[in-house]
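One letter stands for each residue in the lines below.
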Amino acid sequence: MVIGVVKCTEENLVALVPQVATKLIKDEYQIVVESGAGKLSGYNDELYESTGAVISSRKEVLSKADIILTGTSIPKSDIDQIKSNALLVGKFNGRVESELITNLRTSKAQVFSLDLLPRSTIAQSMDVLSSLASLSGYKAVLTAADEFAGYFPMMTTSAGTIPPARVLVLGAGVAGLQAIATARRLGAIVEAFDVRTAVREEVQSLGAKFIEVEGAQEDSAAGGYAVEQSDEYIAKQKELIHETAVKADVVITTANIPGRKAPVLIENRTVNAMKQGSVIVDMASASGGNCELSKDDQTIDIDGVTIIGDAKLYNQMGKQASLLYSNNIYNFLKYILKEGKENLPYDSEIVSQSLLKTEEKSAVTA
């Protein structure tokens, strides 16, 4: 069986790194990689060839592979070249209807979007969102520290003592927890907010203060994500965040609601009241932003407050991100192909939730 790897056109990410290609080749798969697919991630063609993989053109990979691996996007012209009933695996933001999702649903391939995987124990080793979010949370703190014109830790100098930076992290999911841990390692005073009271102990175990508003709505069926809150709760939440953020040197926001616009947590009035030299890193900028003023993929200055909008900070760590993403894909393939490509476990929630179904495919797999 041939596994093909095509270049990710929107990220510094490759869906299969040489180390993982070696494991698949040992499992008796043939690996065909588009020339230059790993270049931006630090993996050149020679590294793939040294594993036994074949370097080929994009057209040949698309037309010959039984399983095609990619990142977040693939053009319709490419989708049309994929052979019937091949498997296409990526992370296509499947919760949001788009032209890409429409094209994928009408393709001849069986398309799996790994961002749709359930947040379950069995799927943990395949969880691409958690893998990349952890890298982004780490990078968010380093980005903020680089932009912040001061120390993160307390420093005692001959000229006096400089107090530690105050960091506020909004959202204590995977990215937020990694941001907390990284900021604490750098010596900052860290506070964190999340509507999910269940994360309080995790936040506190990392050495941060957990701030909360009573009366949050929670849903165990939300898979660990936050859910929409009442208007009364939102008003209290915004006031508490405003009071905390204006005292902070750095604010890192990570709050997302899958398939919906990100909640606005940092309002214009808050930015205007923050100290000059403060930094906001908005990791929800691609879905509207947690900061009212942030712009995706842009760094802006509002009266001395720097706002960095970047939902894919892991792109700055392409080599490590690709390794984690590849391992997630390897674990996914190992699971769904355990009985062969013709006997996928459609009754498993891992397959049923990640498979982008058309009406025709739904009838076949029901």
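Residues numbered from 1 in each chain as written. Predicted model: local features only at pLDDT ≥ 70, side-chain atom pairs only at ≥ 80, totals over all residues. Heavy atoms only, no water.

## Concerning the confidence of the model for the chain
Mean pLDDT for the chain: 92, with 93% of residues reaching 70 or above. Here residues 219-224 is a poorly scored stretch, pLDDT under 50, and it has four contacts once near neighbours within four places are set aside; other chains count. Here residues 359-366 is a poorly scored stretch, pLDDT under 50, and it has eleven contacts once near neighbours within four places are set aside; other chains count. (pLDDT = per-residue confidence, 0-100. Contact = heavy atoms within 4.5 Å.)

## Remarks on the pairing of strand β13 (residues 279-282)
Here β13 shows a buried face lined by Val279 and Val281 and a second buried face lined by Ile280 and Asp282. With four bridges connecting them, strand β12 (residues 250-253) and β13 associate as parallel partners. Considered in β13, the bridge of Val250 is made with Val279. Chirality of the crossover, the property in question, places the unit of β12, helix α10 (residues 268-273) and β13 among those that are right-handed. (Buried < 20%, exposed > 50% of the residue type's maximum accessible area, 1.4 Å probe, protein only. Helix = DSSP H or I, 4+ residues; strand = E, 2+ residues; numbered from the N terminus. Pairing = 2+ DSSP bridges. Right-handed = clockwise from strand over helix to strand, strands pointing away.)

## Considering helix α6 (residues 128-147)
Along its 20 residues, α6 runs 28 Å from first to last C-alpha, staying within 8% of the 28 Å computed at 1.5 Å per residue. Where the residues of α6 are buried, they touch α7 (174-185), β12, β13, β15 (305-309) and α11 (318-336). N-capping of α6 is provided by Asp127, with a side-chain oxygen placed 3.3 Å from the backbone N of Leu129. (Expected span 1.5 Å × (residues − 1). Polar contact = N/O pair within 3.5 Å; in protein donor to acceptor, adjacent residues only side chain to side chain.)

## Details of the packing of α6 against α11
Relative orientation of the contacting elements α6 and α11 amounts to 165 degrees, with a least axis distance of 9 Å. In terms of orientation, α6 lies roughly antiparallel with respect to α11. With respect to the hand of their crossing, α6 and α11 are arranged in right-handed fashion. Taking contact as the criterion, the partners of Val128, Ser131, Leu132 and Leu135 in α6 are, on α11, Gln320, Ala321, Leu324, Tyr325 and Asn328. Considering only residue class, the contact of α6 with α11 consists of six nonpolar, three polar and no charged. (Axes fitted to C-alpha atoms, helices over the stretch in contact; angles between N-to-C directions. Parallel < 35°, antiparallel > 145°, perpendicular 65-115°, else oblique. Left-handed = near helix turned anticlockwise from the far one by under 90°. Nonpolar A, V, L, I, M, F, W, Y, C, P; charged D, E, K, R; others polar.)

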